[in-house]
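# Structure at a glance
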Amino acid sequence: GDSVTQMEGPVTLSEEAFLTINCTYTATGYPSLFWYVQYPGEGLQLLLKATKADDKGSNKGFEATYRKETTSFHLEKGSVQVSDSAVYFCALLMEYGNKLVFGAGTILRVKS
Amino acid sequence: NAGVTQTPKFQVLKTGQSMTLQCAQDMNHNSMYWYRQDPGMGLRLIYYSASEGTTDKGEVPNGYNVSRLNKREFSLRLESAAPSQTSVYFCASSGQGLVNQPQHFGDGTRLSIL
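Rules of the game
Residues numbered from 1 in each chain as written. Chains lettered and ligands numbered in written order. Predicted model: local features only at pLDDT ≥ 70, side-chain atom pairs only at ≥ 80, totals over all residues. Heavy atoms only, no water. Core = buried A, V, L, I, M, F, W, Y, C linked by side-chain atoms within 4.5 Å. Buried < 20%, exposed > 50% of the residue type's maximum accessible area, 1.4 Å probe, protein only. Helix = DSSP H or I, 4+ residues; strand = E, 2+ residues; numbered from the N terminus. Contact = heavy atoms within 4.5 Å. Pairing = 2+ DSSP bridges. Disulfide = S-S within 2.5 Å. Axes fitted to C-alpha atoms, helices over the stretch in contact; angles between N-to-C directions. Phe/Tyr/Trp six-rings, centres within 6.5 Å; stacked < 30°, edge-to-face > 60°.

## Re the nonpolar core
As a rule of thumb, soluble globular proteins bury nonpolar side chains together. Counting 27 residues, the largest nonpolar core has Leu19(A), Trp35(A), Leu47(A), Leu48(A), Phe73(A), Leu75(A) and Tyr88(A) as its most contacted members. For this core, the secondary-structure elements that each account for two or more residues are strand 2 (11-14), strand 3 (19-21), strand 4 (23-26), strand 5 (32-38), strand 6 (44-50), strand 8 (62-65), strand 10 (86-93) and strand 12 (106-111) of chain A. Among the elements that take part in this core, strand 10 of chain A stands out by supplying four residues, more than any other. In contact with Phe73(A), not counting residues within four places along its chain, are Cys23(A), Leu33(A), Phe34(A), Trp35(A), Leu48(A), Lys49(A), Ala50(A), Ala64(A), Thr65(A), Tyr66(A) and Cys90(A). Counting residues in each nonpolar core, the second largest holds 20 residues, with Met19(B), Tyr47(B), Tyr64(B) and Ile113(B) among its members.

## Quick notes on the pairing of strand 1 (residues 3-6) of chain A
Each regular strand displays side chains that alternate between the two surfaces of the sheet. Residues and elements named next belong to chain A. Only one face of strand 1 is buried, namely the one carrying Val4 and Gln6, since none of Ser3 and Thr5 on the opposite face is buried. Pairing geometry for strand 1 and strand 4, over four bridges, is antiparallel. Pairing of Thr5 across the sheet is with Thr24, part of strand 4.

## Considerations on the state of the cysteines
A disulfide bridge is the covalent bond that connects two cysteines by way of their sulfur atoms. All names here are of chain B. Overall, the coordinates contain two disulfides over all chains when judged by the stated rule. Two residues, Cys23 and Cys91, share a disulfide whose sulfurs are 1.9 Å apart. One quick way to see it: the torsion about the S-S bond of Cys23 and Cys91 is about -75 degrees, and its sign makes the bridge left-handed. On the criterion of sequence distance, the pair formed by Cys23 in strand 3 (residues 19-25) and Cys91 in strand 9 (residues 87-94) is long-range, its members being 68 residues apart. Like Cys91, Cys23 is buried.

## Quick word on the sheet that holds strand 9 (residues 75-77) of chain A
All names here are of chain A. The antiparallel open sheet is built from four strands, whose spatial order is 3-9-8-7. Strands with a single pairing partner mark the edges of an open sheet, and in this sheet they are strand 3 and strand 7 (56-59). Pairs of neighbouring strands in the sheet enclose a mean axial angle of 20 degrees, with direction left out of account. Two elements, strand 3 and strand 9, share three bridges in a ladder whose sense is antiparallel.

## Overview of the sheet that holds strand 7 (residues 64-68) of chain B
Residues and elements named next belong to chain B. One open sheet holds the four strands; their spatial order is 1-3-8-7, and the pairing between them is antiparallel. The open sheet terminates on both sides in strands that have one partner only, identified here as strand 1 (4-7) and strand 7. On average, each strand axis in the sheet is inclined to that of its neighbour by 15 degrees, with strand direction left out of account. Summarising the sheet, strand 7 and strand 8 (residues 74-78) pair through five bridges and their orientation is antiparallel.

## A closer look at the packing of aromatic side chains
For the structure on display, the rule yields twelve aromatic pairs over all chains. Here Phe102(A) and Tyr35(B) contribute two aromatic rings whose centre-to-centre distance is 5.6 Å and whose plane-to-plane angle is 85 degrees, an arrangement assigned as edge-to-face. In this pair, Phe102(A) sits in strand 11 (residues 100-102) while Tyr35(B) sits in strand 4 (residues 31-38), so the two residues belong to two different chains. Tyr35(B) matches Phe102(A) in its accessibility class, with the two residues each being buried. Summarising the aromatic geometry, the rings of Tyr33(B) and Tyr35(B) are spaced 6.3 Å apart at their centres and angled 20 degrees between planes, so their arrangement reads as stacked.

Any functional reading would require information beyond the geometric quantities listed.
Structure below.
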């Protein structure tokens, strides 16, 4: 079945460090890919998305590129802030689907 | 803007008790979802409702029932709570077509079963 695998956390970084959170997927067909973020005590919010191969999604300094050849959608940010501390979820949506498939989530902790 | 509202925010139950989690959205969305979030397992879909009057099972439906009361409201019921159902429960809603209509989530219900 369709699945999403994320790197295990927690990831702990100092402020202004470079961030990469790895995400790979298994799916038949051509899924759309998403990153959601969950701040403490809140629900998930859409961070960015990409709907086809080689698309780059970006928002709030975060970026991810849909790589069909490596079935990956890694999240990156050039300089993290303490306020970026949260749980990040990678997710996929199959063509014609109406259900998201989420990865296990990666905790990010940024120290000042 | 209220968005998706879940009640209650916290609840402690004893094994065997019943409970209904409430969810309401004010965005005129067709689709609504119930998830549970457990450490290391991400979000798993319990049930969803693609439109008013329809409900379908997700990945982990056993032990739960749902009711799409109207377009705004989608409730989740635990008939006989078990410790394995201790979790954080999230309700979400979306417009037609998830690619261009991202899911909006409530703030969650933290449920403990003793």
